[in-house]
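Analysis of the macromolecular model
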Amino acid sequence: MTRRLMLLDTASLYFRAYFGVPESVKAPDGTPVNAVRGLLDFIARLVQDHHPDDLVACMDFDWRPQWRVELIPSYKAHRVAEEIEGAPDEEETPDTLSPQVPVIEAVLDAVGIARVGAMGYEADDVIGTLAGQARGPVDIVTGDRDLYQLVDDRRGVRVLYPVKGVGTLQAVDEAVLREKYGVDGPGYADLALLRGDPSDGLPGVPGIGEKTAAKLLASFGDLAGILAAVDDPAAKLSPAQRKRLEEARPYLAVAPKVVRVASDVPLAPFDAALPCAPRDAEALGALAERWGLGGSLQRLLTALER
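Computed from a predicted structure; not experimentally measured.

For sheets, the rule is that strands pair by backbone hydrogen bonds, running either parallel or antiparallel. The strand order across the open sheet built from 6 strands is 5-2-1-6-7-8, with neighbouring strands paired in mixed fashion. A single partner strand is all that each edge strand has here, and the edge strands are strand 5 (114–116) and strand 8 (168–172). Direction aside, the axes of adjacent strands within the sheet are offset by 25° on average. Where helix 5 (residues 123–133) meets the sheet, it contacts strand 1 (5–9), strand 2 (54–58), strand 5 and strand 6 (138–141), and its direction lies at approximately 170° from that of strand 1.

As structure tokens, then:
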């Protein structure tokens, strides 16, 4: 039987939950739990609406891997709260969100939802690896457009992108990408590195915006085709485009490795099967009481009983 796999970009989703649910949602001791409860409600809705057989909460064990920073030093540099020698840098996170992350992890573990990550890799890389290994359809749930690069109609890989908060999702397949950006999944990675992304500290090619990047890709196929055109005097490039792309060669030589997600992350064995009942009911009960998870947790458990 073909199994449907759902991959959660966990940090992206709990950030969305944090900003989408008011901080007035608190534990009995007054600690905000808006991200915790918002994420639980979101997962409950996903399970209820999309019926995955397998579900993996993919984690950022390293949100800014050194191997990416060595290639492009500006990569996510503006989001570093503290540099830590010999360990992942600390990311800027709202003061009332940071304490909720260990609670989220503990609740997911007690429920029995697989949490998967790898040192030296981002959740995006874990998602890329698991999507590549999947034998059935894959739903990637993320608020990060970078993962559009994994969309593949032939293999049944699509992105479920939260349009407003976490309540409304857009299903992104190749038709959506072509209509909005003029590219397919792999083409989106080339589009992104040409255009750049200030939120990730990626400079892009100066003077090449999203529309120009899309036109170049439509004309020359992919990044390799564009660079071949720069070397071809007969290619239909404006003098300004040719000059900009030529000057950006050092960046374009390393950007693909930074922008494209890894597909070969070494992962420890885990059970991705969606649980029908909590793995550790006693621990979950204690967490529910301590943090006042109430209806949010109950809605998830009800959805899992399916």
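There's plenty left to go through after this.
Two aromatic rings, taken as a pair, are described by how far apart their centres are and by the angle between their planes. Scanning all chains against the criterion turns up 7 aromatic pairs. For the ring pair Tyr-14 and Phe-15, a centre distance of 5.9 Å and an interplane angle of 20° mean the geometry is stacked. Assessed through its relative accessible area of 11%, Tyr-14 is described here as buried. Ring centres 5.3 Å apart and planes at 65° place the aromatic pair Tyr-148 and Tyr-188 in the edge-to-face group. Of this pair, Tyr-148 sits in the loop between strand 6 and strand 7 (157–164) while Tyr-188 sits in helix 7 (residues 185–195), placing them 40 residues apart in sequence. Taking the relative accessible area as the measure of exposure, Tyr-148 reaches 3% and is therefore buried. One aromatic cluster in this structure is built from Tyr-148, Tyr-161, Tyr-181 and Tyr-188. Lying over the aromatic face of Tyr-161, Arg-16 brings its terminal NZ or CZ to 5.4 Å of the ring centre. Taking the ring centre of Trp-291 as reference, the NZ or CZ of Arg-290 above it sits at 3.9 Å.

When the domains of the chain are assigned, the result is domain 1 (5–177 + 262–305) and domain 2 (181–259). Taking only C-alpha atoms into account, the centre of domain 1 sits 31 Å from that of domain 2. Tallying the contact residues gives 16 residues for domain 1 and 21 residues for domain 2. At the boundary of domain 1 with domain 2, total buried surface from both sides reaches about 1600 Å², with 57% on carbon and sulfur atoms. The tally of links between domain 1 and domain 2 comes to 1 salt bridge.

When you tally the buried positions in strand 2, you get 5 out of 5 residues, the bulk of the element. Residues Asp-54, Val-56 and Cys-58 point to one face of strand 2 and Leu-55 and Ala-57 to the other, with burial holding for every one of them. The pairing of strand 2 with strand 5 spans 3 bridges and is classified as parallel. Residue pairing across strands places Ala-57 opposite Arg-115, the latter belonging to strand 5.

By size, the foremost hydrophobic cluster in this structure holds 56 residues, and its most contacted members are Leu-7, Ile-140, Leu-194, Leu-245 and Leu-252. Residue contributions to this core peak at 6 residues, all from helix 7. Residue assignment places this core across two domains, with domain 1 (5–177 + 262–305) and domain 2 (181–259) each supplying three or more. Those residues within four positions of Leu-194 in sequence are excluded, and the remaining contacts are Gly-204, Val-205, Ile-208, Ala-213, Leu-217, Leu-223, Ile-226, Leu-245 and Leu-252. Residues Val-33, Leu-46, Leu-287 and Leu-293 belong to the second largest nonpolar core, which totals 41 residues.

What follows covers unusual backbone geometry. Located in the positive-phi region is His-51, a residue other than glycine, with phi close to 50°. Within the fold, His-51 resides in the loop between helix 2 (34–50) and strand 2. The backbone of Lys-76 sits at a positive phi, close to 55°, despite the residue not being glycine. Within the secondary structure layout, Lys-76 lies in the loop between helix 3 (66–71) and strand 3 (80–82).

The next thing to look at is the environment of Ala-106. Position of Ala-106 relative to the elements: it lies in helix 4 (residues 100–111). Assessed through its relative accessible area of 29%, Ala-106 is described here as partly exposed. Between the C-alpha atoms of Ala-106 and Ala-283, which are 177 residues apart in sequence, the distance is 8.8 Å.

Take the environment of Val-157 next. Here Val-157 is to be found in strand 7. Residue Val-157 is classed as buried on the basis of its relative accessible area, which comes to 2%. Each C-alpha atom of the pair Val-157 and Gly-136 lies 8.7 Å from the other, and the pair is 21 residues apart in sequence. Non-local contacts of Val-157, meaning those with residues more than four positions away in its chain, are made with Val-138, Ile-140, Leu-150, Val-151 and Asp-152.

Rules of the game
Residues numbered from 1 in each chain as written. Predicted model: local features only at pLDDT ≥ 70, side-chain atom pairs only at ≥ 80, totals over all residues. Heavy atoms only, no water. Pairing = 2+ DSSP bridges. Helix = DSSP H or I, 4+ residues; strand = E, 2+ residues; numbered from the N terminus. Axes fitted to C-alpha atoms, helices over the stretch in contact; angles between N-to-C directions. Contact = heavy atoms within 4.5 Å. Phe/Tyr/Trp six-rings, centres within 6.5 Å; stacked < 30°, edge-to-face > 60°. Buried < 20%, exposed > 50% of the residue type's maximum accessible area, 1.4 Å probe, protein only. Lys NZ or Arg CZ within 6 Å of the ring centre and 35° of its normal. Domains from an automatic or database assignment. Buried area = accessible area lost by both parts, 1.4 Å probe. Salt bridge = Lys/Arg side-chain N within 4 Å of Asp/Glu carboxyl O. Core = buried A, V, L, I, M, F, W, Y, C linked by side-chain atoms within 4.5 Å.

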